[in-house]
Amino acid sequence: MKTMLLFVLVALLSVAGNAESDEAASSATAQQQAADELKQAVDESLTSADKKAPERPGDFSMVMNGAKLFAKNCAQCHGPRAQGFVNWRRRDASGNFPPPPLDGSAHTWHHPRRQLVNTIKNGGRVMPPFESRLTETEISNIIDYLISLWPDEIYAVWAERNAKFEKRSR
Ligand code: HEC
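What this report covers is the structure whose coordinates are included nearby.

Parameters and conventions
Residues numbered from 1 in each chain as written. Predicted model: local features only at pLDDT ≥ 70, side-chain atom pairs only at ≥ 80, totals over all residues. Heavy atoms only, no water. Helix = DSSP H or I, 4+ residues; strand = E, 2+ residues; numbered from the N terminus. Buried < 20%, exposed > 50% of the residue type's maximum accessible area, 1.4 Å probe, protein only. Contact = heavy atoms within 4.5 Å. Areas by Shrake-Rupley, 256 points an atom, 1.4 Å probe, with all protein chains shown as cover. Core = buried A, V, L, I, M, F, W, Y, C linked by side-chain atoms within 4.5 Å. Near = heavy atom within 4 Å. Polar contact = N/O pair within 3.5 Å; in protein donor to acceptor, adjacent residues only side chain to side chain. Nonpolar A, V, L, I, M, F, W, Y, C, P; charged D, E, K, R; others polar. Donors = N, O, S within 2.8 Å, 3.2 Å for Na, K, Ca; no water. Axes fitted to C-alpha atoms, helices over the stretch in contact; angles between N-to-C directions. Parallel < 35°, antiparallel > 145°, perpendicular 65-115°, else oblique. Phe/Tyr/Trp six-rings, centres within 6.5 Å; stacked < 30°, edge-to-face > 60°.

**Quick notes on the overall build of the protein**
Thinking step 1. Of regular secondary structure, the protein possesses eight helices and zero strands.
Thinking step 2. The buried share among the 170 residues of the protein stands at 31%.
Thinking step 3. When contacts within the protein are restricted to residue pairs at least 6 apart in sequence, long-range pairs at least 24 apart make up 56% of them.
Thinking step 4. About 11,400 Å² of surface is accessible on the protein, with carbon and sulfur atoms providing 58% of the total.

**Side note on the nonpolar core**
In a soluble, globular protein the nonpolar side chains are often hidden away together inside.
Thinking step 1. Core analysis: the largest hydrophobic core is formed by 23 residues, its most contacted members being F70, L134, I142, I143, L146 and W150.
Thinking step 2. At the level of secondary structure, the elements contributing two or more residues to this core comprise α4 (60-73), α6 (113-122), α7 (136-149) and α8 (152-168).
Thinking step 3. No other element matches α7, which puts six residues into this core.
Thinking step 4. Discounting chain neighbours no more than four positions away, the residues touching L134 are L69, N73, I120, I139 and I142.

**Quick word on the site of the ligand**
Thinking step 1. Around the ligand, the structure places 24 residues, and the nearest of them are C74, C77, H78, H111 and M127.
Thinking step 2. Between H111 and the ligand, the recorded distance is 2.8 Å, taken from a side-chain N or O atom to an oxygen atom.
Thinking step 3. Only α5 (75-78) and α6 provide two or more residues apiece to the shell around the ligand.
Thinking step 4. Considering only residue class, the shell around the ligand consists of 15 nonpolar, eight polar and one charged.

**Some words on the coordination of the iron atom of the ligand**
Thinking step 1. Around the iron atom of the ligand, the donor atoms from the protein are H78 (NE2) and M127 (SD), and they sit 2.0 to 2.1 Å away.
Thinking step 2. Of the residues examined, M127 reaches a relative accessible area of 26% and is grouped as partly exposed.

**Quick notes on the packing of α4 against α7**
Thinking step 1. Running from N to C, α4 and α7 point in directions that differ by 100°, and their axes come no closer than 7 Å. Relative to α7, α4 is oriented roughly perpendicular. Contacts from M62, V63, N65, G66, A67, L69 and F70 of α4 reach α7 at E138, N141, I142, D144, Y145, L146 and S148.
Thinking step 2. Classifying every residue of the contact of α4 with α7 gives eight nonpolar, four polar and two charged.

**A few points about the packing of aromatic side chains**
Thinking step 1. One pass over the structure, following the stated rule, counts three aromatic pairs.
Thinking step 2. Consider the rings of F70 and Y145, whose centres lie 5.6 Å apart with planes at 50°: the pair is tilted. One end of the pair, F70, is in helix α4; the other, Y145, is in helix α7, and 75 residues separate them in sequence.
Thinking step 3. The class of F70 is buried, set by a relative accessible area of 1%.
Thinking step 4. According to the relative accessible area criterion, Y145 is buried, its value standing at 11%.
Thinking step 5. Between W150 and W158 the ring centres are 5.7 Å apart and the planes differ by 75°, which places this aromatic pair in the edge-to-face class. Assigned by exposure class, W150 and W158 land together as buried.
Thinking step 6. A connected cluster of aromatic rings, assembled from ring pairs, spans W150, Y155 and W158.

Dropping the structure here:
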């Protein structure tokens, strides 16, 4: 991305430079035009996420603590980067689902925070319950860590739905 911007900058400056040597009077206009074009190119190359990355929950130490707890308690099933199993949608021979990705690529982000807390506390068919092994804060830190892995657009949708859910259940 940076290389591309640099390239655009150099290209535009050389356009401006040529214009200058042609006619001194029009050089100011040409430079202004080049500057405008550069600004537009930069604007267009930034995605909306670059412009306004939504702020994630949890500060640095909370997220780091969540990462550590995840590595210790969850990674053996969900994978070291929470990437889960590729075939997480397909039941295995005993009718169980493999551990799903929690990194935003599966449907973890369809669940509001409270529901994620409950899943972690209660476990599932295969997943063990963590209610007696992790504190509320620890579970919250793990969720903050997982959320930190989600792409901006996924996080933005989740944050909006989660806020609505919280409002309804108050
Ligand atoms: C023994 C393997 C195992 C461990 C350990 C484990 N999980 Fe799971 N997890 C699963 C499986 C399998 C599922 C799918 C539901 C089921 O069958 O239990 C699941 C489901 C989930 C879901 C629901 C995902 C969704 O998209 O709805 C969440 C959230 C989750 N796990 C988080 C965690 C966290 C956080 C930890 C660590 C504290 C953890 N899991 C530890 C196996 C595991």
